Amino acid sequence: QKEVEQDPGPLSVPEGAIVSLNCTYSNSAFQYFMWYRQYSRKGPELLMYTYSSGNKEDGRFTAQVDKSSKYISLFIRDSQPSDSATYLCAMSANQAGTALIFGKGTTLSVSS
Amino acid sequence: SAVISQKPSRDICQRGTSLTIQCQVDSQVTMMFWYRQQPGQSLTLIATANQGSEATYESGFVIDKFPISRPNLTFSTLTVSNMSPEDSSIYLCSVGWAAYEQYFGPGTRLTVT
């Protein structure tokens, strides 16, 4: 079993839809949970992070962490064509900035 | 945040040759990382490059194949040595102050023929 599992999609939704992206993990030591967005032929861009369990909201984006289920989610409200990208979850067991463990990424396409 | 540039942005190389990728950051950072992104695979950490000390390599990656330099706090290089088609990938550098604050460069797209 891989440490982080993420459905690669692709996921296609119409503009305005609510999108749910998810990752599961096996290492209970993970404490920091990040979401990155990667446009085609670009580097990953940090969207948001959550420490331990709970929710965090930033504009149209909401990150949720359920450590008891080892499950994290990213919700995108009122999705836009500009949200079309690959979304990567990443995790770390410590704050010190050492290795992040990534999921494979989910490719999202939002049609207008 | 940090602004990171990489050179070259892409290259096509012949089997058996080596390529050095440069990573430049617009501010001083302690930790720099080199990742590989293969098609359909997760981003995988190759090594951590710390200024003033040798790079720390992850399991499956060795210094002879991926030598790294870190001459100062704003610059690092990764060399992919004795390349084979299996080395075709995107190579990314990143910098970070914490696990939740890592920023990536645009990547170098390498094709080995």
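Just above sits the structure.
Because the structure is a prediction, the values reported are computed rather than measured.

Thresholds, definitions, all that
Residues numbered from 1 in each chain as written. Chains lettered and ligands numbered in written order. Predicted model: local features only at pLDDT ≥ 70, side-chain atom pairs only at ≥ 80, totals over all residues. Heavy atoms only, no water. Disulfide = S-S within 2.5 Å. Helix = DSSP H or I, 4+ residues; strand = E, 2+ residues; numbered from the N terminus. Buried < 20%, exposed > 50% of the residue type's maximum accessible area, 1.4 Å probe, protein only. Pairing = 2+ DSSP bridges. Axes fitted to C-alpha atoms, helices over the stretch in contact; angles between N-to-C directions.

Colleague: Which residues make up the state of the cysteines, and what values do they have?
Modeller: Tallied over the full model, the rule gives 2 disulfides over all chains. Here C23 of chain A pairs with C89 of chain A through a disulfide, and the sulfurs are 2.0 Å apart. Residues C23 of chain A and C89 of chain A are joined by a disulfide whose S-S torsion is about -105°; by sign, that bridge is left-handed. Taken together, the residues C23 of chain A in strand β3 (residues 19-25) and C89 of chain A in strand β9 (residues 85-92) connect sequence positions 66 residues apart. One exposure class covers both C23 of chain A and C89 of chain A, and it is buried. Each disulfide pairs two cysteine sulfurs, and for C23 of chain B the partner residue is C93 of chain B, the sulfurs being separated by 1.9 Å. On the sign convention where negative means left-handed, the S-S torsion of about 70° between C23 of chain B and C93 of chain B marks this disulfide as right-handed. In this pair, C23 of chain B is assigned in strand β3 (residues 19-25) and C93 of chain B in strand β9 (residues 89-98), connecting sequence segments 70 residues apart. A residue is classified by how much of its surface remains accessible, and C23 of chain B, at 0% relative accessible area, is buried. Looking at C93 of chain B, the relative accessible area reads 1%, which means it is buried.

Colleague: Report on the sheet that holds strand β8 (residues 71-76) of chain A, specifying residues and quantitative values.
Modeller: Residues and elements named next belong to chain A. Strand order across the open sheet formed by 5 strands is β1-β3-β8-β7-β6, with antiparallel pairing between neighbours. Each edge of the sheet is formed by a strand with only one pairing partner; in this case those strands are β1 (4-6) and β6 (54-58). Here the strands of the sheet are splayed against their neighbours by 15° on average, with no regard to which way each runs. Judged from the 6 bridges that link them, β3 and β8 form a sheet pairing that is antiparallel. When the bridges of β8 are listed, T24 appears paired with Y71.

These figures capture arrangement, not role.
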